[in-house]
Structures are given as C-alpha cells and as structure tokens.
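# Examination of the molecular architecture
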Amino acid sequence: MATSQVETVSTGADKAKLAAVVALVLASVAGFYLLSKQGPLVQWGVLLVGLAAAVAVFLVSEPGKQFTGFARDAWREVKKVVWPTRKETLQMTAYVFVFVVVMALFLWFTDKTLEWVLYDLILGWRK
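Note that the structure is predicted; figures quoted are calculated from it, not measured.

The next point concerns the overall build of the protein. Counting its regular elements, the protein contains 4 helices and 0 strands. Reading the protein from its N terminus to its C terminus gives the helix and strand order α-α-α-α. Against the 2.2 N^0.38 benchmark of 14 Å for 127 residues, the protein shows a C-alpha radius of gyration of 29 Å, more extended than a compact globule. In terms of principal-axis extent, the alpha carbons of the protein reach across some 80 × 45 × 40 Å.

What follows covers the side chain of Asp-14. Relative to the assigned elements, Asp-14 resides in helix H1 (residues 12–34). For the buried Asp-14, which has no salt bridge, the nearest side chain bearing the opposite charge is Lys-17, at an N-O separation of 4.4 Å. Here the side chain of Asp-14 touches Glu-62 through a polar contact of 3.1 Å, landing on its backbone nitrogen.

Turning next to the UniProt feature "transmembrane region" (unreviewed entry) in the protein. Those residues carrying the UniProt feature "transmembrane region" (unreviewed entry) are residues 18–35, 41–60 and 89–109 in this numbering. Segment residues 41–60 splits into 100% helix and 0% strand. End C-alpha atoms: 29 Å apart. Taken end to end, residues 89–109 is 100% helix and 0% strand, and its first and last C-alpha atoms sit 30 Å apart.

Let us look at the pattern of salt bridges. Tallied over the full model, the rule gives 3 salt bridges. The closest approach of N and O atoms between Lys-80 and Glu-77, which form a salt bridge, is 3.3 Å. Here Lys-80 and its partner Glu-77 are both found in helix H3 (residues 62–80), 3 residues apart, which amounts to about one turn of the helix. The class for Lys-80 is exposed, based on a relative accessible area of 56%. Of the charged contacts in the structure, one is a salt bridge between Glu-115 and Lys-112, with a shortest N-O distance of 3.4 Å. One end of the pair, Glu-115, and the other, Lys-112, are both in helix H4 (residues 86–122), 3 residues apart, so they sit about a helical turn from each other. A relative accessible area of 18% places Glu-115 in the buried class.

On to the packing of H1 against helix H2 (residues 40–60). If you want to describe how two helices pack, look at the angle between their axes and the distance between the axes. Running from N to C, H1 and H2 point in directions that differ by 175°, and their axes come no closer than 8 Å. One finds that H1 runs roughly antiparallel with respect to H2. The residues of H2 that touch H1, namely those facing Lys-17, Leu-18, Ala-20, Val-21, Leu-24, Val-25, Ser-28, Val-29, Gly-31 and Phe-32, are Gln-43, Trp-44, Val-46, Leu-47, Gly-50, Leu-51, Ala-53, Ala-54, Val-57, Phe-58 and Val-60. For the contact of H1 with H2, the class distribution of residues is 16 nonpolar, 4 polar and 1 charged.

Moving on: a nonpolar patch on the surface. Together, Leu-114, Trp-116, Leu-118, Tyr-119, Leu-121, Ile-122, Leu-123 and Trp-125 line one region of the surface with nonpolar side chains, adding up to about 890 Å² of accessible area. Structurally, the position occupied by Leu-118 is in helix H4. Of the residues examined, Leu-118 reaches a relative accessible area of 43% and is grouped as partly exposed.

The next point concerns the packing of aromatic side chains. All told, the structure shown has 3 aromatic pairs when counted by the stated rule. When the centroid spacing of 5.2 Å and the interplanar angle of 85° are considered together, the rings of Phe-32 and Tyr-33 count as edge-to-face. By relative accessible area, which is 58% here, Tyr-33 ends up exposed. Site record: aromatic cluster; members linked through ring pairs are Phe-32, Tyr-33 and Trp-44.

Here is what the cut-offs are and how they apply
Residues numbered from 1 in each chain as written. Predicted model: local features only at pLDDT ≥ 70, side-chain atom pairs only at ≥ 80, totals over all residues. Heavy atoms only, no water. Helix = DSSP H or I, 4+ residues; strand = E, 2+ residues; numbered from the N terminus. Rg over C-alpha atoms; globule rule 2.2 N^0.38 Å. Buried < 20%, exposed > 50% of the residue type's maximum accessible area, 1.4 Å probe, protein only. Lys, Arg positive; Asp, Glu negative; His and termini not counted. Salt bridge = Lys/Arg side-chain N within 4 Å of Asp/Glu carboxyl O. Polar contact = N/O pair within 3.5 Å; in protein donor to acceptor, adjacent residues only side chain to side chain. UniProt positions renumbered as here; feature names shortened; annotations may be inferred. Axes fitted to C-alpha atoms, helices over the stretch in contact; angles between N-to-C directions. Parallel < 35°, antiparallel > 145°, perpendicular 65-115°, else oblique. Contact = heavy atoms within 4.5 Å. Nonpolar A, V, L, I, M, F, W, Y, C, P; charged D, E, K, R; others polar. Patch = residues over 30% accessible without salt bridge, like charges linked within 9 Å, V, L, I, M, F, W, Y side chains within 5 Å. Areas by Shrake-Rupley, 256 points an atom, 1.4 Å probe, with all protein chains shown as cover. Phe/Tyr/Trp six-rings, centres within 6.5 Å; stacked < 30°, edge-to-face > 60°.

Written out as structure tokens, the structure is:
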C-alpha cells in the first residue's frame, strides 16, 4: 500500500518567506503593468528584478532548499541514463514508421472490406 506524505511549512519564518515570495511576484507583475508609460525597458526591468528577488527568497526558505536538493538528485539520476546511440535511434524510428504504415494499411483494408460487405453484399446500395 502506497502512503502519501504531505509536507507542510512548519516554521513561521518559512511561512513569512513564502508570503514574501508571493508578494514579490504580485508586485513584479503589478509594476510591469503600472509602469507601462515608462517604456518597455523599465517594465521588463522591474518584472525581472522582482521575479529574481522572489526566486532568491524562495531558495533560502526550507521548501526552496528541498526543491534544490530534489533538482540536484534528479540531475544526478539523468546523468546515469544510458542514452541510445545514433544507429539505435534511427533503427527504432524506422521500426515505428514501418509499424505505422503497416497498421494504416491494415485499417484501410479492414475499412474497405467492411464497407464492401455492408454496402454491397448486405444492403445492396451500390450497383
């Protein structure tokens, strides 16, 4: 039986940091729209600086540290993957294309056979 783990933010400092992240994101988006008369450079600057600050605050919180650890472990696992060679990739791609063509022909043949049986033999609609 699979058990589900629910992790919650436990400390008040982490809750405050996550609230600051939300506030920074909202302020960045609001600043982007409110500074439309200042020009696109100022708009995008405010947005990017605000989002970068939100990411920085998130990464120093406990959930951010857990996410960083998870990402590091995931990258380590990706490095362990044995990727197929170019030859193997081309062979498998060819197998897939051949299979698709064979299935398309089979379905076309089945469709035409059923059409012939139903419309010509049983119903006699085509003459």
